[in-house]
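Understanding the architecture of this molecule
Listed below, chain by chain, are the residues.
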Amino acid sequence: MKNIVIVLTGGTIAMRIDPNIGAAIPSLKADELIGEVKAHIKGTQIIERELFNIPSGHVTPEKMELIKKAVEEALADPDNVGVIVTHGTDTLEETAYFLDITINNKKPIVVTGAMRNASELGYDGELNLTASIATVLNEESKGLGTLVVMNNEVHSAAQVTKTNTLSVNTFKSPEFGPLGIIDNDEVLYYRREKSVKKILTSHIESKVALVKMAAGVEGDIIDFYVDHGYRGIVIEALGRGNVPPKTLPAINRALENNIPIVLVSRCATGRVLGSYGYLGGGKGLFESGVINGGALPGQKARIALMALIGAGKNKNEIEDFFKI
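Described in the following lines is the structure provided in the data block. (Residues numbered from 1 in each chain as written. Predicted model: local features only at pLDDT ≥ 70, side-chain atom pairs only at ≥ 80, totals over all residues. Heavy atoms only, no water.)

**Topic: the packing of aromatic side chains**
Quick reminder of the rule: Aromatic pairing here means that ring centres of Phe, Tyr or Trp (its six-membered ring) are within 6.5 Å. Orientation follows from the plane angle: under 30 degrees is stacked, over 60 is edge-to-face, and everything else is tilted. In this analysis the charged atom, NZ for Lys or CZ for Arg, is taken to sit over a ring once it is within 6 Å of the ring centre and within 35 degrees of the ring normal.
Under the defined criterion, the tally for this structure stands at four aromatic pairs. Joined through ring pairs, the aromatic side chains of Phe224, Tyr225 and Tyr230 make up one cluster. Taking the ring centre of phenylalanine 52 as reference, the NZ or CZ of lysine 63 above it sits at 5.7 Å.

**What about the pattern of salt bridges?**
Here is the rule: Criterion for a salt bridge: a side-chain nitrogen of Lys or Arg within 4 Å of a carboxyl oxygen of Asp or Glu. Going along the chain from the N terminus, every DSSP run of H or I of four or more residues is numbered as a helix, and every run of E of two or more is numbered as a strand. Only protein chains enter the accessibility calculation, which uses a 1.4 Å probe; a residue whose area is less than 20% of its type maximum is buried, one above 50% is exposed, and one in between is partly exposed.
For the coordinates displayed, the defined rule picks out 15 salt bridges. With its nearest N and O atoms 3.2 Å apart, the salt bridge here joins glutamate 72 to lysine 68. Within this pair, glutamate 72 and its partner lysine 68 are both found in helix α2 (residues 61-76), separated by four residues, close to a single helical turn. Residue classification places glutamate 72 among the partly exposed positions, given a relative accessible area of 32%. Residue classification places lysine 68 among the buried positions, given a relative accessible area of 7%. Among the salt bridges present, the one from aspartate 227 reaches arginine 253, with a minimum N-O distance of 2.5 Å. Remark: arginine 253 occurs in helix α6 (residues 248-256) and aspartate 227 occurs in helix α5 (residues 220-227); sequence separation between them is 26 residues. Judged by its relative accessible area of 29%, arginine 253 is partly exposed. In the salt-bridge network here, residues are joined through shared partners; they are Asp223, Asp227 and Arg253.

**A word on the pairing of strand β2 (residues 15-18)**
Filter applied, for reference: Here the rule is simple: two strands pair whenever DSSP picks up at least two bridges between them.
Note: β2 against strand β3 (residues 23-26), four bridges, orientation antiparallel. Bridging across to β3, isoleucine 17 finds its partner in alanine 24. Following β2, the chain reverses through four residues before pairing antiparallel with β3; glycine 22 in that reversal takes a positive phi of roughly 65°.

**A look at the nonpolar core**
Selection criterion: Buried Ala, Val, Leu, Ile, Met, Phe, Trp, Tyr and Cys residues that are joined via side-chain atoms within 4.5 Å together make up what is termed a nonpolar core. A contact between two residues is defined here by any heavy atoms of the two lying within 4.5 Å.
Within the largest apolar cluster, 48 residues are counted, with the highest numbers of intra-cluster contacts made by Val71, Leu99 and Phe322. Sorting elements by how many residues they give to this core places helix α8 (residues 298-310) first, with eight residues. Not counting chain neighbours up to four residues away, the residues in contact with valine 71 comprise Val83, Val85, Leu99, Ile103 and Ile109.

**Quick notes on helix α4 (residues 125-137)**
For an α-helix, 3.6 residues make a turn, and residues three or four places apart therefore share a direction. What counts, and what does not: Expected span, for any helix, means 1.5 Å times one less than how many residues it has.
Look at α4: 19 Å from first C-alpha to last across 13 residues, which is about the 18 Å you get at 1.5 Å a residue. Looking only at α4, the buried set comprises Gly125, Asn128, Leu129, Thr130, Ala131, Ser132, Ile133, Ala134, Thr135 and Val136.

**Structural notes on the packing of α2 against helix α3 (residues 92-102)**
We apply this condition: A fitted line through C-alpha atoms represents every axis, and for helices the fit uses only the stretch in contact; the resulting angles, taken between N-to-C directions, go from 0 to 180 degrees. Working definition: roughly parallel below 35 degrees, roughly antiparallel above 145 degrees, roughly perpendicular at 65 to 115 degrees, and oblique for all remaining angles. Crossing handedness is read from the near helix: turned anticlockwise from the far helix by less than a right angle, it gives a left-handed crossing, and turned clockwise, a right-handed one.
Interhelical geometry of α2 versus α3 gives an angle of 50° and a closest axis separation of 10 Å. Between α2 and α3, the crossing angle belongs to the class labelled oblique. Relative to α3, α2 is oriented so that their crossing is right-handed. Contact with α2, carried on its side by Met64, Glu65, Ile67, Lys68, Val71 and Glu72, involves Glu94, Thr95, Phe98, Leu99 and Thr102 of α3 and no other residues of that element.

**Some details on α8**
Between its terminal C-alpha atoms α8 stretches 18 Å, which fits the 18 Å expected from 13 residues at 1.5 Å a residue. Here α8 lies mainly inside the structure; 11 of its 13 residues are buried. Taken together, the buried positions of α8 are occupied by Gly298, Gln299, Lys300, Ala301, Ile303, Ala304, Leu305, Met306, Ala307, Leu308 and Ile309.

**Quick look at the sheet that holds strand β13 (residues 208-212)**
Pairing within the open sheet is parallel, and its four strands lie in the order β13-β14-β15-β16. Among the strands making up the open sheet, the edge pair consists of β13 and β16 (291-292). Of the strand pairs in this sheet, strand β15 (residues 261-265) and β16 are connected by two bridges, and their pairing is parallel. Across the sheet, residue leucine 263 finds its bridge partner in β16, namely asparagine 292. Against the sheet, α8 makes contact with β13, β14 (232-237) and β15, and its axis sits at roughly 160° relative to β14, the strand it touches most.

**Let's talk about the pairing of β14**
Consecutive side chains of a regular strand alternate in pointing toward one face of the sheet and then the other. Short version of the rule: Throughout, right-handed denotes a crossover for which the path from the first strand over the helix to the second runs clockwise when the strands point away from the viewer.
Among the six residues in β14, six count as buried, and that is most of the element. Side chains Gly232, Val234 and Glu236 project from β14 onto one buried face, and the interleaved Ile233, Ile235 and Ala237 project onto a second face that is buried too. The pairing of β13 with β14 spans five bridges and is parallel. Residue lysine 212 lies in a different strand from β14, and its bridge partner there is glutamate 236. For the segment spanning β13, α5 and β14, crossover handedness is right-handed. Sheet analysis places β14 next to β15, joined by five bridges and oriented parallel. Note that in β15 the partner of isoleucine 233 across the bridge is isoleucine 261. In this view, the connection linking β14 to its parallel neighbour β15 by way of α6 has right-handed handedness.

As C-alpha cells, then:
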C-alpha cells in the first residue's frame with residue numbers, strides 16, 4: 001500500500017465560522033479535515049501530521065523552515081510516495097516556492113488549501129485534498145518540483161499566484177497557464193516545466209524587505225531598511241524595471257552598504273530589462289549593481305533572496321540564481 005503524508009498547517013481549509021464573532025477562525029482538527037477524504041481514497045494510506053493550525057498571515061520564515069523540515073522528514077521515508085501540505089491561501093505561493101527552491105527530491109510535493117471555510121456552502125477543502133492526493137499518486141508528477149493544486153488544476157509553484165480575493169479559481173499561472181487538470185480523480189498533464197534552480201539551505205534570512213514603487217515614491221523607506229539592519233531588498237519597479245528618480249540616492253546607499261537589491265516589476269506578467277536609459281531607468285540601475293530579478297513577482301523574489309542570503313551566497317551567486 002502506498003503512503004502519503006499530509007502536513008497540516010492551517011488556513012481557511014481548517015476554519016469554521018465562529019457564531020460569537022461572525023467570522024472564520026481556525027477550528028478543524030486533523031480527523032475532521034481528513035476523515036471523509038480518507039473514506040474516499042482506496043488503496044492508499046493517508047498519514048496526517050498536524051504541525052500547527054494558523055492563518056497564512058501568521059506564517060513566518062521560521063514557520064516555513066518547520067514546514068520544510070516536516071516535508072523532508074516525510075520524503076526521507078521510502079514507504080512514503082509524496083507529501084501534501086495544507087496551507088492558508090494568502091501566503092501559500094510563498095511557502096510553496098520556498099519548498100520548490102530548497103528541496104531537491106523527485107517525489108511529488110503538493111501544496112493546497114481552500115477559499116471557502118467549512119461553514120460555507122461549496123466548501124472546497126475536501127475537493128482540493130482529493131485532487132492533491134490524485135496528483136501525488138500520478139507517476140508524471142515525479143520530478144516536477146513543488147506543485148500547487150487548487151480548483152482541479154495543477155500549477156508550478158514557481159509560476160502560480162493568487163489573483164482574486166474571493167474566487168475558488170483564484171490560483172492561476174498568468175504567463176503560461178496550469179501544468180494540467182484533475183478530472184474524475186485522474187491527472188491530465190498538458191506540459192512540463194524545466195526544473196527551477198535549487199538553493200540548498202537550512203536557514204532563511206528574515207530581514208529582507210519588499211518595496212513597491214509608485215508615482216512620486218521617495219527613498220526614505222529604503223533608508224529605513226538600511227538603517228535597521230536589513231540584509232536584502234526587493235524592489236517591485238514600474239513597468240519594465242524603472243523607479244522614480246528620488247529613490248536613487250537611497251538605492252545607491254544600500255548598494256554601498258553591500259545590501260543586495262533585486263529588481264522585479266509590479267506588473268502581473270513579463271520580465272524586467274534595461275530597456276530605458278533615463279534617470280531611474282532600468283539600464284542605469286543594473287549598471288549600478290542592482291540585480292535583475294527576471295519575471296518573478298516581488299513576493300517570490302523576496303523568498304529566493306531570503307534563502308540565498310540564508311545560504312551565505314555572494315552577489316555573483318545571487319545574480320546567477322536570478323538569470324533566466
